[in-house]
Amino acid sequence: TEDIQRMVARLPDSLLGQRDAALLLIGFAGAFRRSEVVALDVADLQLRDEGYLVLIRRSKVDQTGQGRWIGIPYGEHPQTCPVLALQRWLTASGITDGAVFRGVNRHGQLASARLSKRAIADIVKHAAAAAGLDPSRYSGHSLRSGHCTSAARAGVPERIIMRQTGHRSERMVRRYIQESSVFTE
């Protein structure tokens, strides 16, 4: 959680910075895989009083495309709230349909194409470096694993973490949690 806060705090006040903040915060709060983040469309988002309800149409463990809904609640702090960050990005970019996360060129212009999975890793590494963190310790998967680690440190039961991540086995989710409990237990 502290790393994400540092990363978001160092992003530029620009369209690119708003996109990256929304991507980092939504990816972390939803414990999304890179493929799930880049596949998000505006039609997959439902704003509710509690936050966003996000439809993951297809994932690694859902190849048939049955889909599952993930709740992204409002955060405690406006600067790191995933819901507010996503709203800021959608408003600033003017995106009303299609891909949620798209490229922004060096002139600050929005691209029509959705980001690639590789772009997620680049964004995470760039944000880590800008925050003074070692970028070699971060990847596109860090948003998902960071969510699990932070939740476990906060005492969230494994079954609740599994509901958010979509993990089907306790063994797999424990691979994320194991490192976090080494100092707390």
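Residues numbered from 1 in each chain as written. Predicted model: local features only at pLDDT ≥ 70, side-chain atom pairs only at ≥ 80, totals over all residues. Heavy atoms only, no water.

Here we come to the sheet that holds strand β2 (residues 51–56). Across the sheet, which stays open at both edges, the three strands sit in the order β1-β2-β3 with antiparallel pairing between neighbours. The open sheet has two free edges, formed respectively by β1 (45–47) and β3 (68–73), since each of these has just one partner strand. In this sheet, neighbouring strand axes are inclined to one another by 20° on average, regardless of whether the strands run parallel or antiparallel. With six bridges joining them, β2 and β3 adopt antiparallel strand pairing. Bridge pairing links Tyr52 to Ile72 in β3. Packed on one face of the sheet, helix α4 (residues 82–93) meets β1, β2 and β3 and runs near 75° to β2. (Pairing = 2+ DSSP bridges. Helix = DSSP H or I, 4+ residues; strand = E, 2+ residues; numbered from the N terminus. Axes fitted to C-alpha atoms, helices over the stretch in contact; angles between N-to-C directions. Contact = heavy atoms within 4.5 Å.)

This part covers the pairing of β2. For β2, a buried count of five out of six residues is recorded, marking the element as mostly surrounded by other parts of the structure. Here β1 runs beside β2; their pairing, made up of three bridges, is antiparallel. Counterpart to Leu47 in the pairing with β2 is Tyr52. Hairpin connection between β1 and β2: a loop of three residues separates the two successive antiparallel strands. (Buried < 20%, exposed > 50% of the residue type's maximum accessible area, 1.4 Å probe, protein only.)

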